[in-house]
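Below, each chain spelled out in residue letters.
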Amino acid sequence: MLESDLASVLGVPRTQLRKFREVNPEMTYKNGRKIHWTDDGVAWVKQELEIPVDEAVEPRKYSAYVTRSDFPNRKLVQVVADVNGMREVLTVRVRDAALFSKHMQVEIKPDGNGWVLTRQPRQRGRF
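What this report covers is the structure whose coordinates are included nearby. The numbering scheme is per chain: residues are counted from 1 as the chain's sequence reads. Per-residue local features are limited, in this predicted model, to residues with pLDDT of at least 70; the limit for side-chain atom pairs, both in listing and counting, is 80 or more; totals at the level of whole chains, interfaces and linings are taken over all residues. To get the side-chain values, take all heavy atoms of the structure and skip hydrogens and water.

Attention now goes to the nonpolar core. Think of a nonpolar core as a cluster: buried Ala, Val, Leu, Ile, Met, Phe, Trp, Tyr and Cys residues, connected wherever their side-chain atoms sit within 4.5 Å. Type-normalised accessible area, obtained with a 1.4 Å probe on protein chains alone, sets the label of each residue: buried when under 20%, exposed when over 50%, and partly exposed for intermediate values. Among the nonpolar cores identified, the biggest contains 18 residues, and Val79, Val92, Phe100, Val106 and Ile108 are the most heavily contacted of them. Contributing elements (two or more residues each) for this core: strand S3 (62-68), strand S4 (76-83), strand S5 (86-93), strand S6 (105-111) and strand S7 (114-117). Apart from the residues lying within four places of it in its own chain, the contact partners of Phe100 are Val66, Ser69, Val77, Val94, Val106, Leu117, Gln120, Pro121 and Arg124. Residues Leu17, Met27, Trp37 and Val45 belong to the second largest nonpolar core, which totals 11 residues. Counting from the N terminus, the helices are DSSP H or I runs at least four residues long and the strands are E runs at least two residues long. Contacts between residues were defined by any pair of non-hydrogen atoms, one from each residue, lying within 4.5 Å.

See below:
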């Protein structure tokens, strides 16, 4: 599992995961610039953080649709998503807002204090 996904799912900062990685470097591996945790490593981190080991760790992704993409800041779009059973209007960070059209279906995930897309479109209105 990617370290960034693990940090967002567990709700801990990546600096804390970096300290765990320094203690047990055999629990991780690198693929290019990305750091991955093995299944044993994820279980060990959950044990260190006193999280039940049998609880599944899945990255949270939510389906949403774009309502506004004409902000002066071209790195933001506004979406409507069903998060935790409630419909919410959210502002999402993107690479280029010009690639989005109204009512376009997207998939978002939490990232720190905000939201980001799981996949960026290559051309307007299409993935």
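What follows is about the sheet that holds S5. The 5 strands are arranged S3-S4-S5-S7-S6 in a closed barrel whose pairing can be described as mixed. Strand after strand, the sheet turns through a mean of 50° between neighbouring axes, direction not considered. Alignment of S6 against S7, held across 4 bridges, turns out to be antiparallel. Directly across from Lys109, in S7, lies its bridge partner Val116. Only strands that DSSP links by at least two bridges are regarded as paired with each other. Lines are fitted to the C-alpha atoms to define the axes, a helix being fitted only along its stretch in contact, and any angle between axes, read from their N-to-C directions, falls within 0 to 180 degrees.

Sheet analysis places S3 next to S4, joined by 4 bridges and oriented antiparallel. Its bridge partner being in S4, Arg68 is matched across the sheet by Gln78. Both S4 and S5 contribute to a ladder of 8 bridges, which runs antiparallel. From the neighbouring strand, Gln78 faces S5, where its bridge partner is Thr91. Here S4 folds back onto S5, and the loop between the two strands holds 2 residues, one of which, Asn84, carries a positive phi near 55°.

Time to look at the environment of Pro121. In this structure, Pro121 sits in the segment after S7. Sequence-wise, Pro121 and Asp96 are 25 residues apart; in three dimensions their C-alpha atoms are separated by 8.9 Å.

Moving on, we get to a positive patch on the surface. Within the patch definition used here, like charges are joined within 9 Å and nonpolar side chains (Val, Leu, Ile, Met, Phe, Trp, Tyr) within 5 Å, considering only residues with over 30% relative accessible area and no salt bridge. Only the protein chains shown count as cover for residues, with accessible areas throughout obtained via the Shrake-Rupley method and a probe of 1.4 Å. When a carboxyl oxygen of Asp or Glu is within 4 Å of a side-chain nitrogen of Lys or Arg, the pair counts as a salt bridge. The sign given to each residue is positive for Lys and Arg and negative for Asp and Glu; His and the chain ends receive no count. To locate a charge, take atom NZ for lysine, CZ for arginine, CG for aspartate or CD for glutamate. Residues Lys75, Arg95, Arg119 and Arg122 make up a contiguous surface patch of positive charge. Within the secondary structure, Arg122 sits in the segment after S7.

Turning our eyes to something else, we now look at unusual backbone geometry. Most peptide bonds take the trans form, and the phi angle of most residues other than glycine is negative. The backbone of Glu50 shows a phi angle near 60°, a positive value even though the residue is not glycine. Backbone geometry at His103 places phi at a positive 70°, although glycine is not the residue there. Position of His103 among the secondary structure elements: in the loop between S5 and S6. Owing to a relative accessible area of 56%, His103 belongs among the exposed residues under this scheme.

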